[in-house]
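Chain by chain, the residues run as shown.
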Amino acid sequence: MKISTLLILLILSFTSCKKESLTDDLSNVVLSNKGILRVECNDCQISYSVQNKDFNVSVKDGSEDIPFFYVTDFNLITQLKSLQNQGIRLMIIDSYGRVVSNELNSCVQGEVRKGSFRINTK
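Residues numbered from 1 in each chain as written. Predicted model: local features only at pLDDT ≥ 70, side-chain atom pairs only at ≥ 80, totals over all residues. Heavy atoms only, no water.

A. Examining the side chain of T121 more closely. Assignment of secondary structure puts T121 in the segment after β6 (112-119). The class for T121 is buried, based on a relative accessible area of 18%. Excluding residues that lie within four positions of it along the chain, T121 makes contacts with N33, Y70, V71, T72, D73 and Y96. (Helix = DSSP H or I, 4+ residues; strand = E, 2+ residues; numbered from the N terminus. Buried < 20%, exposed > 50% of the residue type's maximum accessible area, 1.4 Å probe, protein only. Contact = heavy atoms within 4.5 Å.)

B. Spatial organisation of the state of the cysteines. Inspection of every chain in the model, using the stated rule, returns 1 disulfide. Here C41 is linked by a disulfide to C44, with a sulfur-sulfur distance of 2.0 Å. Between C41 and C44 the disulfide shows an S-S torsion of about -70°. By sign, it is left-handed. Of the residues examined, C41 reaches a relative accessible area of 4% and is grouped as buried. Here C44 falls in the buried class, since its relative accessible area comes to 1%. C107 takes part in no disulfide bond, and the closest cysteine sulfur, belonging to C44, lies 8.6 Å away. Judged by relative accessible area, C107 falls into the buried class, the value being 5%. (Disulfide = S-S within 2.5 Å.)

C. Broad picture of the packing of aromatic side chains. Tallied over the entire structure, the rule returns 4 aromatic pairs. Taking 5.1 Å as the distance between ring centres and 25° as the angle between the ring planes, the aromatic pair formed by Y48 and F55 counts as stacked. What makes Y48 buried here is its relative accessible area of 7%. In this structure F55 comes out as partly exposed when scored by relative accessible area, which is 35%. Considering the side-chain rings of Y70 and F74, the 5.4 Å spacing of their centres and the 55° angle between planes classify their relative orientation as tilted. Of the two residues, Y70 and F74, both sit in the buried class. Three or more aromatic residues joined by ring pairs make a cluster, and in this case those are F68, Y70 and F74. (Phe/Tyr/Trp six-rings, centres within 6.5 Å; stacked < 30°, edge-to-face > 60°.)

D. A look at the nonpolar core. Counting residues in each nonpolar core, the largest one holds 21 residues, and the members touching the most others are L37, V39, I46, Y48, F68 and L76. Taken together, the elements giving at least two residues each to this core come down to β1 (33-50), β2 (53-70), β3 (74-82), β4 (86-93) and β6. Here this core gets 7 residues from one element, more than from any other, and that element is β1. Apart from residues lying up to four places away in sequence, V39 is in contact with C44, I46, V59, G62, S63, E64, I66, L80, R89 and L90. (Core = buried A, V, L, I, M, F, W, Y, C linked by side-chain atoms within 4.5 Å.)

Pasting the structure below:
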């Protein structure tokens with residue numbers, strides 16, 4: 001009785017598995033690209049927009065690598081606010097490792113710098 005029950009359960013487990021076709025393409029899969037927004041400062045805030053989604057990050061004492069994900073070409077909009085007198089580096093790297101922008105600016109406390117950077121998928 002135990003052997004037959006185990007055999008039935010084993011057969012059911014194999015028949016309930018669905019195997020995808022080996023020739024199935026990736027037409028239904030959305031692959032996203034990952035870029036990096038690197039901010040180097042002692043005390044600053046960055047707001048950025050990726051494909052109509054807004055994000056805010058505070059950076060204190062050093063640097064922050066902020067990943068962003070995208071599917072199509074777009075303009076990365078940034079707004080960087082310095083909370084003290086300092087030098088601030090803003091580097092943007094796309095998913096292929098290409099440096100889109102690498103800026104080092106001297107900023108005074110309360111200064112806001114805006115930017116727009118074209119990010120391409122190819």
